[in-house]
Amino acid sequence: MIRRIVAVMKVELLRQFTTPLVYVMAFFLSALSGYFLIVLSQGFIELTLKFGANPEAANLHFHERIIAPLILNIEYLFVVVIPLLTMRTLAAERSQGSFELLAASLVRPWELVCGKFLALLAVIIALCAVIGFEPLILAWIAEPGSAFDYGALATAIIGLCLLGCSFAAVGLAASALTESPALAAGGSFLFLLFAWVLRLGGQGDGFFGQLLPALSPLTRLENFAIGRLSAADSGYFVVLIGIGLMVAWRGVDRHRWKG
Amino acid sequence: MIRAEQLSRSFAARRAVHQLNFELKSGSIVAFVGPNGAGKTTTLRMITGALAPSSGRVLVDGFDTFEQPFQARAQIGFLPESPPLYPELKVIENLRFVCSIKGLDYSGIDAVVERCELAEVLGQLQGQLSKGFRQRVGLALALLGDPPLLILDEPTSGLDPAQIEGMRELIRTLGEEHTVVLSTHLLSEVEAVCDHVLMIDRGELVADASADDLIGEYGNLQQAFLARCAVHRQDRS
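In this text, all values refer to a predicted model and were calculated from it rather than measured experimentally.

## Description of the overall build of chain A
Then, number 1: Scanning chain A for helices and strands turns up 12 helices and 0 strands.
Then, number 2: Listing every helix and strand of chain A by position from the N terminus yields α-α-α-α-α-α-α-α-α-α-α-α.
Then, number 3: For chain A, whose C-alpha radius of gyration is 20 Å, the value lies close to the compact-globule estimate of 18 Å for 259 residues.
Then, number 4: For chain A, the C-alpha atoms occupy an extent of roughly 70 × 45 × 30 Å along the three principal directions.

## Points about the pairing of strand β3 (residues 29-33) of chain B
Residue and element names in this part refer to chain B.
Then, number 1: Summarising burial for β3: 5 of the 5 residues are buried, a large majority.
Then, number 2: The alternating pattern of β3 places Ile 29, Ala 31 and Val 33 on one face and Val 30 and Phe 32 on the opposite face, and all of these are buried.
Then, number 3: Of the pairings in the sheet, the one linking β3 to strand β8 (residues 179-184) comprises 5 bridges and is parallel in character. The partner of Ala 31 across the bridge, within β8, is Leu 182.
Then, number 4: Relative to strand β9 (residues 196-201), β3 runs parallel, the two sharing 4 bridges. Residue Val 33 lies in a different strand from β9, and its bridge partner there is Met 199.

## A short note on the interface of chain A and chain B
Then, number 1: Counting residues at the interface gives 29 residues for chain A, matched by 33 residues for chain B.
Then, number 2: Taken as a group, Arg 3, Leu 101 and Arg 256 of chain A account for 26% of the area that chain A buries against chain B, more than any other trio of residues on that side.
Then, number 3: Where chain A packs against chain B, one counts 3 salt bridges.
Then, number 4: Residue Glu 88 of chain B is joined to Arg 88 of chain A by a salt bridge in which the shortest nitrogen-to-oxygen separation is 2.3 Å.
Then, number 5: Where chain A touches chain B, the interface holds 6 residue pairs in polar contact (both at pLDDT 80 or more).
Then, number 6: For the side of chain A that touches chain B, the secondary-structure elements that each account for two or more residues are α1 (2-17), α5 (91-96), α6 (99-103) and α12 (231-258) of chain A.
Then, number 7: With 7 residues, α1 of chain A is the largest single contributor of residues to the side of chain A that touches chain B.
Then, number 8: Across the side of chain A that touches chain B, the residue classes tally to 12 nonpolar, 8 polar and 9 charged.

## Considerations on the pairing of β8 of chain B
Residue and element names in this part refer to chain B.
Then, number 1: Summarising burial for β8: 6 of the 6 residues are buried, a large majority.
Then, number 2: With 5 bridges joining them, strand β7 (residues 149-153) and β8 adopt parallel strand pairing. Note that in β8 the partner of Asp 153 across the bridge is Ser 183.
Then, number 3: Handedness of the β7-helix α6 (residues 161-175)-β8 crossover: right-handed.

## Observations concerning the domain arrangement of chain B
All names here are of chain B.
Then, number 1: For chain B, the assigned domains read domain 1 (2-75 + 149-236) and domain 2 (83-147).
Then, number 2: For domain 1 and domain 2, the distance between their C-alpha centroids amounts to 25 Å.
Then, number 3: Listed per partner, the contact involves 17 residues of domain 1 and 10 residues of domain 2.
Then, number 4: For the domain 1 and domain 2 pair, buried surface summed over both sides reaches about 1,100 Å², with 65% attributable to carbon and sulfur atoms.
Then, number 5: When residues of domain 1 are sorted by the area they lose upon contact with domain 2, Leu 170, Leu 174 and His 178 head the list and together hold 34% of the total.
Then, number 6: Run the count over domain 1 and domain 2 and you get 1 salt bridge.
Then, number 7: Residue Arg 115 is joined to Glu 177 by a salt bridge in which the shortest nitrogen-to-oxygen separation is 3.4 Å.
Then, number 8: The interface formed by domain 1 and domain 2 holds 5 residue pairs in polar contact (both at pLDDT 80 or more) in total.

## Re the nonpolar core
Then, number 1: Core analysis: the biggest nonpolar cluster contains 149 residues, and Phe 78 of chain A together with Phe 97 and Met 199 of chain B have the highest contact counts within it.
Then, number 2: At 15 residues, the largest contribution of residues to this core is made by helix α8 (residues 150-176) of chain A.
Then, number 3: Two domains each put at least three residues into this core: domain 1 (2-75 + 149-236) and domain 2 (83-147) of chain B.

## Considerations on unusual backbone geometry
Residues and elements named next belong to chain B.
Then, number 1: Its identity is not glycine, yet Gln 19 carries a phi of approximately 45°, on the positive side.
Then, number 2: You can see Gln 19 is positioned in strand β2 (residues 14-24).
Then, number 3: Even without a glycine there, the phi angle at Glu 117 is positive, about 55°.
Then, number 4: The topology assignment puts Glu 117 in the loop between α4 (109-115) and α5 (131-143).
Then, number 5: Assessed through its relative accessible area of 53%, Glu 117 is described here as exposed.

## What to know about the confidence of the model for chain B
Then, number 1: Mean pLDDT for chain B: 84, with 100% of residues reaching 70 or above.
Then, number 2: At the level of individual helices and strands, chain B shows its lowest average pLDDT in helix α9 (residues 221-236) of chain B, which scores 77, and its highest in helix α3 (residues 91-101) of chain B, which scores 91.

## Here's the deal with the sheet that holds β8 of chain B
Residues and elements named next belong to chain B.
Then, number 1: In space, the 6 strands of this open sheet follow the order β6-β7-β8-β3-β9-β10, with mixed pairing throughout. The open sheet has two edge strands, β6 (76-79) and β10 (204-210), and neither has a second partner. Mean inter-strand twist for the sheet, computed between neighbouring axes without regard to direction, equals 15°.
Then, number 2: Here β9 pairs with β10 via 6 bridges, running antiparallel. Along β10, the bridge assignment pairs Asp 201 with Glu 204.
Then, number 3: Each of β9 and β10 is contacted by helix α8 (residues 211-218), which is oriented at about 100° to β10, the strand it contacts most.

Conventions adopted
- All residue numbers refer to positions counted from 1 along the written sequence of the respective chain.
- Chains and ligands are labelled sequentially in the order written, the chains with letters from A and the ligands with numbers from 1.
- Where local features are concerned, this predicted model is filtered to residues with pLDDT of at least 70; where side-chain atom pairs are given and counted, the filter is 80 or more; whole-chain, interface and lining totals use all residues.
- In computing side-chain values, all of the structure's heavy atoms are included and hydrogens and water are not.
- Runs of E in the DSSP output that reach at least two residues are strands. Runs of H or I that reach at least four are helices, and both are numbered from the N terminus.
- Radius of gyration here is computed from C-alpha atoms only, and the compact-globule reference equals 2.2 Å multiplied by the residue count raised to the power 0.38.
- Residue exposure (1.4 Å probe, protein chains only): buried if accessible area is under 20% of the type maximum, exposed if over 50%, otherwise partly exposed.
- Two strands make a pair as long as DSSP finds a minimum of two bridges between them.
- Pairs of residues are marked as contacts when any of their non-hydrogen atoms sit within 4.5 Å.
- When two components associate, each loses some accessible surface as probed by a 1.4 Å sphere; the sum of these losses over both components is called the buried area.
- Salt bridges are defined by distance alone: a side-chain nitrogen of Lys or Arg within 4 Å of a carboxyl oxygen of Asp or Glu.
- For the purposes of these results, a polar contact is taken to be a pair of N or O atoms within 3.5 Å, where, inside protein, one atom must be able to donate a hydrogen and its partner to accept one; residues adjacent in sequence count only when each atom of the pair is a side-chain atom.
- Under the scheme applied here, ten amino acids are nonpolar (Ala, Val, Leu, Ile, Met, Phe, Trp, Tyr, Cys and Pro), four are charged (Asp, Glu, Lys and Arg), and all others, including Gly, are polar.
- Handedness rule for crossovers: strands pointing away from the viewer, path from the first strand over the helix to the second running clockwise, crossover right-handed.
- Residue ranges for the domains trace back to a domain assignment, done automatically or taken from a database.
- In this text, buried Ala, Val, Leu, Ile, Met, Phe, Trp, Tyr and Cys residues form a nonpolar core when linked through side-chain atoms within 4.5 Å.
- What pLDDT conveys is the predictor's confidence in a given residue, as a value from 0 to 100.
- Fitted lines through C-alpha atoms serve as axes, helices being fitted only where they are in contact, and the angles separating the N-to-C directions of these axes extend from 0 to 180 degrees.

Following this line, the structure appears as structure tokens:
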């Protein structure tokens, strides 16, 4: 069982890394996160100069002023990037015919889904590591004694990984339901766009103003972004990942029935 | 080796295969013959367990391919009509992958590489292979683990005459050690390599006999096929 899952994971990683898409995305994410970091740092420096005499007045907390907004900007990039990463995982297996090999093999549908998800997990961790590396450069060039909260950065990156994994599970589910990678990307992008709209619903008042954003994965990153680990938010991501993988599993199994 | 009982499959309102009953013994080369769209691929996919029947069942070596799919699949090597290759992977990587999912070590790779004459393309990306090599790699994947039953869907489709002859020779050799079930619409292929023939028309079985018997009765397989189909269609109408 473990050997089959690892074999599926390895092949998926080979497929991901033999196409230019992952490299383009890593470049795109690191370039944009670097740009955000520079812009946010410049804003922070200006505020420091303005309120330097009384930092408390401006709430000049390095992490909350630079790292948290950076992570919250990256989540919007994930809405675009992750569907591109996941679109080929299962859909292309069908369109190129390799799914027949798996359908007639000893690989169980859930083993296939687990293997694919673990490969996506590895790619997402690699992308998050690239994003997490850039703030560390700030820590290294800062004056000795400057307050850089490594724990808060680690928490924010863990949150970003969880968000990426939940998006990947949604993308995997979309990819399991169609044999068109473009349709899979479009389907998961629409779902994530809907999550974005749910978050915007929080700008109103009242019951729905509180409920709708709580349903959005994008809102769930906010606590992680400011360095606060939340069991409720972690649980939300785990449940979303579970639902995504379950739908993907049913989608793969459906192939036997639908043909 | 294979027993089909009242095997049927529909896709929405379209009936692809209807109440097939047949039994195939070990150690023979069997051909599924019929025109395009007759239900050959659907039947083969049900035998491999890749497709669930709408009704009826298939037993492979006593295992129900739907109720006990993994026990049944362990007996089968399958070459689909379009070889199941990852274009982004090298030939050797795909062979290792299939070894892993079949629970085999890599020691059997050398033998199938030699048998299918793949040594020169082992390091090549599969997306860059010719149709002939793609077919041979697909066959090598099916042969890994030396399964007793080989199911080959249109194994010579798209090959040039020399490649077709090479593939037929390979199938004949494989038939000495394995039960081989192949689908084709080329009757010359059946005459060249097969012992037993299952003729299928519009999803229904119209003949289940040895190739020699059919040739003896009708003169050649083409006449046999046309005559059996005509009788069958007359009976239905």
